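What follows is each chain in one-letter form.
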Amino acid sequence: LMEWAGSQIKGQSIKSTRLDIFLLGVEMEQTFNHALHRKNIEFLNHATAGQSVMADENHIKVVLRNLISNAIKFTDTKGTIKLSSAYKENRVIISIQDNGKGMSLEEVSKLFSPQTHFSQPGTLGENGTGIGLLLCKELVELNGGKMWISSKPGMGSTFYFSLPLDQEYA
């Protein structure tokens, strides 16, 4: 499935447009409003308003939906999820941070391996396929970025990805 999805994505042309990460964060909060309320999770949009990246809007929405969905899945009731953005060397670093279950270094190392299809149940037993993050990594790389993770068991996880800064913003 991952190979098929990758081939489908690579076969399409990238339609880069100017994207405001803060506004995408507002949309994501609305999209996940029910799930956030169900687990009483606070969503903080700390992305810089007006700070634009150049990327394919559909791709970045898929990435944000997957990362925020995972953060909700692995965060306990009354937890917090934070979307942030920061400017660094003609790139914008976007992060989704949660204070959920977290992962060991061994678990993190399995996340982007197509051979492992690593998946864990969420805090309320939610299931996953283990391929969403592989797709996210592909989409970020197709848009000229990189993806990486910081996580500690019991402390939560932060998923980072970089995208080219809109040069008019710079």
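Residues numbered from 1 in each chain as written. Predicted model: local features only at pLDDT ≥ 70, side-chain atom pairs only at ≥ 80, totals over all residues. Heavy atoms only, no water.

Section: the packing of aromatic side chains
Argument step 1. By the definition in use, this model includes one aromatic pair.
Argument step 2. Pairing Trp 148 with Tyr 160 gives two aromatic rings, centres 5.5 Å apart and planes at 10 degrees, and the pair type is stacked. Taken together, the residues span a long stretch of sequence, with Trp 148 in strand 6 (residues 147-152) and Tyr 160 in strand 7 (residues 156-164) at a distance of twelve residues.
Argument step 3. Here Tyr 160 falls in the partly exposed class, since its relative accessible area comes to 24%. (Phe/Tyr/Trp six-rings, centres within 6.5 Å; stacked < 30°, edge-to-face > 60°. Helix = DSSP H or I, 4+ residues; strand = E, 2+ residues; numbered from the N terminus. Buried < 20%, exposed > 50% of the residue type's maximum accessible area, 1.4 Å probe, protein only.)

Examining helix 6 (residues 132-142)
Argument step 1. Regarding helix 6, the residues found buried are Gly 132, Leu 133, Leu 134, Cys 136, Leu 139 and Val 140.
Argument step 2. Gly 144 sits one or two positions beyond helix 6 and adopts a positive phi of about 80 degrees.

Considering helix 2 (residues 21-31)
Argument step 1. Every buried residue of helix 2 is accounted for by Ile 21, Leu 24, Gly 25 and Met 28. Down the axis of helix 2, the buried set is contained in an arc of 105 degrees. They therefore lie on one face. What points out from helix 2, more than 90 degrees from its buried face, is the exposed set Leu 23 and Gln 30.
Argument step 2. Looking at the buried residues of helix 2, the elements they touch are strand 1 (16-20), strand 2 (42-46), strand 3 (52-56), helix 4 (57-73), strand 4 (80-88) and strand 5 (91-98).
Argument step 3. The opening residue of helix 2, the one whose side-chain oxygen lies 2.9 Å from the backbone nitrogen of Phe 22, is Asp 20. (Arc of directions from axis to C-beta. Contact = heavy atoms within 4.5 Å. Polar contact = N/O pair within 3.5 Å; in protein donor to acceptor, adjacent residues only side chain to side chain.)

Side note on the side chain of Asp 56
Argument step 1. In this structure, Asp 56 sits in strand 3.
Argument step 2. It turns out Asp 56 is buried and unbridged, and the closest side chain with the opposite charge, Lys 15, is 5.7 Å from it.
Argument step 3. Ignoring sequence-local partners within four residues, the contact set of Asp 56 consists of Ser 13, Ile 14, Lys 15, Ser 16, Leu 19 and Asn 143. (Lys, Arg positive; Asp, Glu negative; His and termini not counted. Salt bridge = Lys/Arg side-chain N within 4 Å of Asp/Glu carboxyl O.)

Thoughts on the sheet that holds strand 2
Argument step 1. Strand order in the open sheet formed by five strands is 2-4-5-7-6, and the pairing between neighbours is mixed. Unpaired on one side and paired on the other, strand 2 and strand 6 mark the two borders of the sheet. Sheet twist, expressed as the average angle between the axes of neighbouring strands with direction ignored, equals 15 degrees.
Argument step 2. Where strand 5 lies against strand 7, seven bridges are found, and the strand directions are antiparallel. Paired with Val 92 across the two strands is Leu 163, which belongs to strand 7. (Pairing = 2+ DSSP bridges. Axes fitted to C-alpha atoms, helices over the stretch in contact; angles between N-to-C directions.)

A look at the pairing of strand 2
Argument step 1. Across the two faces of strand 2 the burial differs, with Phe 43 and Asn 45 buried and Glu 42, Leu 44 and His 46 not buried at all.
Argument step 2. Both strand 2 and strand 4 contribute to a ladder of five bridges, which runs parallel. Across the sheet, residue His 46 finds its bridge partner in strand 4, namely Ser 84.

Digging into the pattern of salt bridges
Argument step 1. Overall, the coordinates contain three salt bridges when judged by the stated rule.
Argument step 2. A salt bridge links Lys 61 to Glu 57; the nearest nitrogen and oxygen atoms lie 3.1 Å apart. With Lys 61 and Glu 57 both in helix 4 and four residues apart, this pair spans about one turn of that helix.
Argument step 3. By relative accessible area, which is 14% here, Lys 61 ends up buried.
Argument step 4. Judged by its relative accessible area of 32%, Glu 57 falls in the partly exposed class.
Argument step 5. With a closest N to O distance of 2.8 Å, Glu 141 and Lys 137 form a salt bridge. Pair noted here: Glu 141 and Lys 137 are both in helix 6, with a separation of four residues, about one helical turn.
Argument step 6. Of the residues examined, Glu 141 reaches a relative accessible area of 39% and is grouped as partly exposed.

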